[in-house]
Amino acid sequence: MTDMTVASQGFSYAAFESAAMTRLIEDTARAWLRSFGMSDAQAHQRMVNALRDALAADSIATHDRANMQDILDQAAHDAIASWLAQVTGQHDCYGSASFSMLRCAFLSANRDGIWSNCFLDQAGDHRDLAIALSVQMMLPTPGLKACEMPRQTLERRAS
Amino acid sequence: MSQISDHTNQYNDETLYDPTVRLRGPGVGQRRLFLFGASIAATAYAAWLMTDVLGADQLTIMEMVVVAFFTINFAWISLSFFTGIVGLILRGLKLDAITLKRLKPIVRKGALRSKNVVVIPVYNEDPNRVFAGLRASYESLAQTGELDAFDFFVLSDTRDPDIWIAEEMAWAKACTDLNARGKIFFRRRPENTERKSGNLKEFCETYAANYDHMIVFDADSVMSGEAMVNMAYLMENNPDAGIIQSPPQPTGRQTLFARILQFISRVHGPTMSAGLSFWCMGSSNYWGHNAIIRTKAFIECCGLPVLSGKPPMGGHILSHDFVEAAFMRKAGWRCWLIPQLEGSWEELPPNLIDFAIRDRRWCQGNMQHARLMVAPGFKPLSRLHFFMGVMSFVSSPLWLLLLLSSTIATLQNTQLTYSFFPGHFTMFPQWPVDRSFEMLVLLIFTIGMLVLPKIISILMVCLGRDRKKYGGVMVLFSGLLETLYSALQAPIMMMLHSQFVFSVLTGNQVGWDAQERDDAGVPFKAALKTHRTIIVIGLIWGAIAVFVDTAFFWWLSPILAGLVLSPWLTHYSSSLTIGKAARRMKLFLTPEEYDSPEELRALTRINAELADGDVKDGLMRLIEDPFANALHSALLPVRKPDARTTIEIGIIYEKLARLGIESLTKDEKILILSWPVKPLDQIMAGRDVSGP
């Protein structure tokens, strides 16, 4: 057993976790936190817990490292997207564009680290954070209004 | 078309449209009749004079060739001369070129009702400069109180990975700094088919329908808020207008070359714009930027055809602006040039080499128009615009042919011995006729047509109230030096343009490169290398001229001087130091330099602020900076790579992880930036990617 301080619901899985797996989980959590511009210990622990929960619920063999990395990445992505959906009240936080846009907004809002302790906190009230995120949301394009621009011909009449 | 007639029916309703800004004027037919009539008459007179001079002792075949080339060239000069003369009269009397009423500033009645967008198509341009121009224009627009009626859209076609990332960051910074989220938009096209026109077409098919009008910028455009709002107001109140073009003033460059061009464009440009507007009226041309376009009309009738055959004469249309204006006219929309629309600026290439590179690109585009000149359906004036575009380059080889045929004709004449009793038996000899007076008249007539409007424009500025803004009395020296410089530059451009035309006609194509937009100088060696053929031609031509006739050599000497001195001219005119020294001496001073408008001051300020903006190592930036990474991911279109691309991306990622960023080619960088399978910074976290 490598980490006895994990949350109680992860204990049964963590008890059988190998050192290599622990390192993989730690690295994955760190990388995802880094992509949100954070190094907060509390947030790190929440991410590790989320990854362990996901692994505990998964039955894929742990020796396939490449596959395992994908599973962990997906688990991390889903955990963050789920938390962002809860914070913002939006349901479309899982798509790559909306997820990245929210990541942008969080990075801008959390430039001075004031929201770090909220990261992945499922229990707290995050209405202020939701407002901060909405203020920082980038909008690259307006609504799509598709139409066809017909090619003209060099004929006598205008088409 | 039905929409045009609907609008026209309501046009007289003053509750809907402001009559004070109505684009209508009297005597359109008479104006054109006068202009073309006068041009034809002057050309006929000059051709007769030339025939008289050369044919005094019977016209040889080569002399007939000379007369033919002279007539074509003169017709071209003549049209420009009378356009200039009309422009001078309009400027002198302070008359509106369209309505022929006293010039008045546009007074808007109420706020804008339309929704407008400023679009900036870019391709590998310096993002700091692009966004500095956007921000200066945005700030100016905010001061008009009409910001709500406008959005801004950067349409990137960039293919350089570092510039791509820098553009995204510059966009985010502009949105944040100006608090303009949802006002300034950005999109990059994954495939840049059909270059700039394809870029705009893609915009038209996706987002343009959200807007009534679009103001098209070039990467180096800046416009005042007042100018943009006035253009939108004119569009609202002239429902049959498809395009309204403002005359952009070149500004912002400091090299001697650019400053000379900026000066003469500022002094003489308004004259030519007024003259053009006078006779073109609602059939004016579109110059590709700093113009407002009715979006619906543009979408409906400006999708460009693909010309049959291979490039350079076939394929996609390169110079799209003239063609778009022609299609607008074909569909019944009007295109206006409004000379008095101030607050519209652009930048020039900093030196003669870059100027020529731009001309090479334009030459290929304009030469394609030769095919459109005879295509059915276009209005006569659209055909004339095509013809003028073609002639702006073809006139050079025609001039060259005129000079060459003159040389051959002179050579022939020196070989002939004069016959006092030609042909038939006669008691009386036929004495040689002295035509030196007629030759002098013809010379003065031709040179006068070439430079008189420009000289009068300079004198008008010198005698006007604003002369201080042009350097006071120094405007005369500036004008004199500009005339001298342009006389020396003309033969160089003649040779270059002739080469370009020949190159296009023999099937050579140009690539698509961003224009040089810094004050770049040309080292003497580079100038010498570029112009070596021209120098050799000049020397050989000079030697032949001396051999033929010393008087002919002196006749040709201004041309030969330009050719032989070309590397020095190019090198020294590209000098920033001389350009700045001339400015200190108040030479080539423009009002923009004397008292810079707020927008241009803002441009300079923002340019300096953004100068630190890094346009290097875009990929490294994405790995190191989570925000840049998230932003980039967010801006990518939602799509999945096919199996082959997925494998390629996997290999590049592995290469990146093992060998570092330096090992990747530009194409590899573009590929992984186009398809990030997961955030790059996660994949690379903890790995050293700066190189082995």
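Residues numbered from 1 in each chain as written. Chains lettered and ligands numbered in written order. Predicted model: local features only at pLDDT ≥ 70, side-chain atom pairs only at ≥ 80, totals over all residues. Heavy atoms only, no water.

*Asks:* Tell me about helix H24 (residues 666-674) of chain B, and name the residues and values.
*Replies:* Among the nine residues that make up H24 of chain B, seven are buried, leaving the element largely enclosed by the rest of the structure. Residues of H24 of chain B that are buried include every one of Glu668, Lys669, Ile670, Leu671, Ile672, Leu673 and Ser674 of chain B, and no others. (Buried < 20%, exposed > 50% of the residue type's maximum accessible area, 1.4 Å probe, protein only. Helix = DSSP H or I, 4+ residues; strand = E, 2+ residues; numbered from the N terminus.)

*Asks:* Which residues make up unusual backbone geometry, and what values go with them?
*Replies:* All names here are of chain B. The linkage connecting proline 311 with the following residue, proline 312, adopts the cis geometry, with an omega of 10°. With a phi close to 55°, lysine 94 is a non-glycine residue in the positive phi region. When its relative accessible area of 45% is taken as the criterion, lysine 94 is described as partly exposed. Notably, arginine 195 is not glycine yet its phi reads approximately 50°, a positive angle.

*Asks:* Any chance you could break down a nonpolar patch on the surface for me, citing the residues and the numbers?
*Replies:* Residues and elements named next belong to chain B. Together, Met439, Leu440, Leu443, Ile444, Ile447 and Trp555 give the surface a local cluster of nonpolar side chains, amounting to about 570 Å² of exposed area. It is helix H13 (residues 436-463) that provides the largest number of residues to the nonpolar patch, a total of five residues. By the secondary structure assignment, leucine 440 is in helix H13. (Patch = residues over 30% accessible without salt bridge, like charges linked within 9 Å, V, L, I, M, F, W, Y side chains within 5 Å. Areas by Shrake-Rupley, 256 points an atom, 1.4 Å probe, with all protein chains shown as cover. Salt bridge = Lys/Arg side-chain N within 4 Å of Asp/Glu carboxyl O.)

*Asks:* Could you give an account of the interface of chain B and chain A, with specific residues and numbers?
*Replies:* On the side of chain A, 40 residues touch chain B, which itself brings 54 residues to the contact. Buried surface at the junction of chain B and chain A, summed over both partners, amounts to about 3,900 Å²; 61% is from carbon and sulfur atoms. Taken together, the connections running from chain B to chain A amount to one salt bridge. In this structure, arginine 151 of chain A engages glutamate 194 of chain B in a salt bridge whose closest nitrogen and oxygen atoms are separated by 2.4 Å. Our count for the contact surface shared by chain B and chain A stands at 15 residue pairs in polar contact (both at pLDDT 80 or more). Top contributing element to the side of chain B that touches chain A by residue count: helix H22 (residues 626-635) of chain B, with eight residues. Split by residue class, the side of chain B that touches chain A holds 35 nonpolar, nine polar and 10 charged. (Contact = heavy atoms within 4.5 Å. Buried area = accessible area lost by both parts, 1.4 Å probe. Polar contact = N/O pair within 3.5 Å; in protein donor to acceptor, adjacent residues only side chain to side chain. Nonpolar A, V, L, I, M, F, W, Y, C, P; charged D, E, K, R; others polar.)

*Asks:* I'd like a rundown of the packing of helix H23 (residues 643-659) of chain B against H24 of chain B, residues and numbers included.
*Replies:* Residues and elements named next belong to chain B. Remark: H23 packs on H24, axes separated minimally by 10 Å, with the N-to-C direction vectors making an angle of 115°. In terms of axis orientation, H23 runs roughly perpendicular to H24. Taken as a pair, H23 and H24 cross one another with a handedness that is left-handed. Listed contacts from H24 to Thr645, Glu648, Ile649, Ile652, Tyr653, Lys655 and Leu656 of H23 are Glu668, Leu671 and Ile672. A class-by-class count of the residues in the contact of H23 with H24 yields six nonpolar, one polar and three charged. (Axes fitted to C-alpha atoms, helices over the stretch in contact; angles between N-to-C directions. Parallel < 35°, antiparallel > 145°, perpendicular 65-115°, else oblique. Left-handed = near helix turned anticlockwise from the far one by under 90°.)

*Asks:* Provide a residue-level description of the sheet that holds strand E4 (residues 213-216) of chain B, including the pertinent values.
*Replies:* Residue and element names in this part refer to chain B. Taken in spatial order, the seven strands of this open sheet run E3-E2-E1-E4-E8-E6-E11, and their pairing is mixed. The two strands at the open ends of the sheet, each matched to only one other strand, are strand E3 (184-188) and strand E11 (334-337). The sheet shows a mean angle of 20° between the axes of neighbouring strands, direction not considered. Bridging between E4 and strand E8 (residues 291-294) involves four bridges; their strand directions are antiparallel. Along E8, the bridge assignment pairs isoleucine 215 with isoleucine 292. Across the sheet, helix H4 (residues 127-144) touches strand E1 (116-122), strand E2 (150-156) and E3, and the angle it forms with E2 is around 175°. (Pairing = 2+ DSSP bridges.)

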